[in-house]
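Chain and residue survey
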Amino acid sequence: MSYTHLTTTGRVKIEIYLELGMSIRSIARRLGRQPSTVSREIRRNPGYESGRAQRRYEKAKTNCGAKTKLDDTIRRTIVEKLRATWSPEQVVGWLFNGKLAFSTIYRWIYSGRIGVPVYFADPYASWQRGSNENANGLLREFFPKGTDFAQVARDELADALAKINGRPRKCLDWKKAHEAFAEEVLRLI
């Protein structure tokens, strides 16, 4: 048997139907719910008011589910490592081997439980790393996929990067990368 929670709209309808003096059974019939669902909702919220009932539901919803492993010590440790440019996967592999999943750290970051100046793209989501993927594509013009960079001379790599950064780019209003960088540095001085 499938179960769905009452929505804000459903709660507003309950409030209106109660004001109209309708019975619990007729309200349930109009909502397509069991009378016990409507009865329980009204019993949980004496003097039924839909806004208050929705706030109560949302508060209760945040307190349900699995208990979090996040405490102040773990939070401080994770934030310290993230600020040191570690990825959540590196944090878990080095510090919490097997006791925590890196996806949990991402979830804590996204939900605001861990507040850091940090953006992580989702794994296997190349469209979230457009600049990175574009830069990789530009490098592939000089070094085909599978190139062993240990075998590439520093001068050869520097020459390729100079050529790439010497091209005007639409995203920089047709400035070259080194020109845009120099302007930004001068603006900061």
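Owing to the predicted nature of the structure, the values given are computational and were not obtained by experimental measurement.

What about the side chain of Lys81?
Residue position: Lys81 is located in helix 5 (residues 72-83). Sequence-distant contacts of Lys81, defined by excluding residues within four places in its chain, comprise Trp86, Val91 and Leu95.

Remarks on the packing of aromatic side chains
Geometrically, a pair of aromatic rings is defined through the distance of the ring centres and the angle of the planes. Tallying each qualifying case throughout the model produces 3 aromatic pairs. On the basis of an interplanar angle of 75 degrees and a centroid distance of 6.0 Å, the ring pair of Phe102 and Tyr106 is categorised as edge-to-face. In this pair, Phe102 and Tyr106 both sit in helix 7 (residues 102-111), 4 residues apart, roughly one turn of the helix. Here a set of aromatic residues connected by ring pairs shows up, and it is made of Phe102, Tyr106 and Tyr110. Directly above the ring of Tyr57 sits Arg11, whose terminal nitrogen or CZ lies 4.5 Å from the centroid. Residue placement shows Lys81 over the ring face of Trp86; its charged tip is 4.6 Å from the ring centre.

Focus: the layout of surface pockets
When its volume is computed, the second largest pocket comes out at roughly 230 Å³. Residue lining of the second largest pocket: 14 residues in total, with His5, Arg11, Glu41, Arg44 and Tyr57 positioned closest to the centre. Counting only elements with at least two residues in the lining of the second largest pocket, the list comes to helix 3 (35-44) and helix 4 (50-62). Considering each element in turn, the lining of the second largest pocket owes the most residues, 5 residues, to helix 4. The class makeup of the residues in the lining of the second largest pocket is 5 nonpolar, 3 polar and 6 charged.

Procedures and definitions
- Residues numbered from 1 in each chain as written.
- Predicted model: local features only at pLDDT ≥ 70, side-chain atom pairs only at ≥ 80, totals over all residues.
- Heavy atoms only, no water.
- Helix = DSSP H or I, 4+ residues; strand = E, 2+ residues; numbered from the N terminus.
- Contact = heavy atoms within 4.5 Å.
- Phe/Tyr/Trp six-rings, centres within 6.5 Å; stacked < 30°, edge-to-face > 60°.
- Lys NZ or Arg CZ within 6 Å of the ring centre and 35° of its normal.
- 1 Å grid on protein atoms, 1.4 Å probe; cavity = no way out; pocket = protein on both sides within 12 Å on 5 of 7 lines; lining within 4 Å.
- Points joined across faces, edges and corners; volume = space filled by probe spheres on them.
- Nonpolar A, V, L, I, M, F, W, Y, C, P; charged D, E, K, R; others polar.

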